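Close look at the chain arrangement
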Amino acid sequence: EDAYSFLAAWNLDRFFHVNAHAIREHALQDSPLNYYGGPGLIVGFRERPSDDTDVVAGVSADIGLNFFTGRFGVFLGLTPWFRVLPDPGLNLGGGVGLRYYP
């Protein structure tokens, strides 16, 4: 199953970002779990102590596990990403969530 994922997030370190991923889900054989993964992009804004703002951009991946119960999906995911701007570096994000499927 193919899907698109969009996320807006922030942390307590004055950083706000949005990311988008193209996701493909696969069932795990003999299990109620699915695994998913796909490539994406991330763009964010980081405030610096001097009251300047850096634009942060990079490429990312979204990988994880999920299961469905009725119209709800519960997931656990990781989002590793490579920062291209303003300076190269590796980062890791992730989360636990609930999705509703109408």
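The shown structure was predicted, so the numbers you read here are calculated from the model rather than taken from an experiment. (Residues numbered from 1 in each chain as written. Predicted model: local features only at pLDDT ≥ 70, side-chain atom pairs only at ≥ 80, totals over all residues. Heavy atoms only, no water.)

Topic: the side chain of H17
With respect to the helices, strands and loops of the structure, H17 is situated in strand β2 (residues 15–27). A relative accessible area of 14% means that H17 is categorised as buried. Setting aside anything within four residues of it in sequence, one finds H17 in contact with L7, A8, A9, I42, V43 and G44. (Helix = DSSP H or I, 4+ residues; strand = E, 2+ residues; numbered from the N terminus. Buried < 20%, exposed > 50% of the residue type's maximum accessible area, 1.4 Å probe, protein only. Contact = heavy atoms within 4.5 Å.)

Concerning the environment of P32
Within the element layout of this structure, P32 appears in the loop between β2 and β3 (33–47). Here P32 falls in the exposed class, since its relative accessible area comes to 69%. In sequence terms P32 and D13 are 19 residues apart; their C-alpha atoms lie 37 Å from each other. Setting aside anything within four residues of it in sequence, one finds P32 in contact with N66 and F67.

A short note on the sheet that holds strand β6 (residues 89–100)
Each strand in a sheet pairs with its neighbour through backbone hydrogen bonds, running either in the same direction (parallel) or in the opposite one (antiparallel). An order of β1-β2-β3-β4-β5-β6 is seen for the 6 strands of this open sheet, with the pairing classed as antiparallel. Strand pairing shows two members of the sheet lacking a second neighbour, β1 (2–11) and β6, which therefore form its edges. Across this sheet, the average inter-strand angle for adjacent strands is 20 degrees, counted without regard to direction. The sheet contact formed by strand β5 (residues 72–85) and β6 spans 12 bridges and is antiparallel. Counterpart to L76 in the pairing with β6 is V96. (Pairing = 2+ DSSP bridges. Axes fitted to C-alpha atoms, helices over the stretch in contact; angles between N-to-C directions.)

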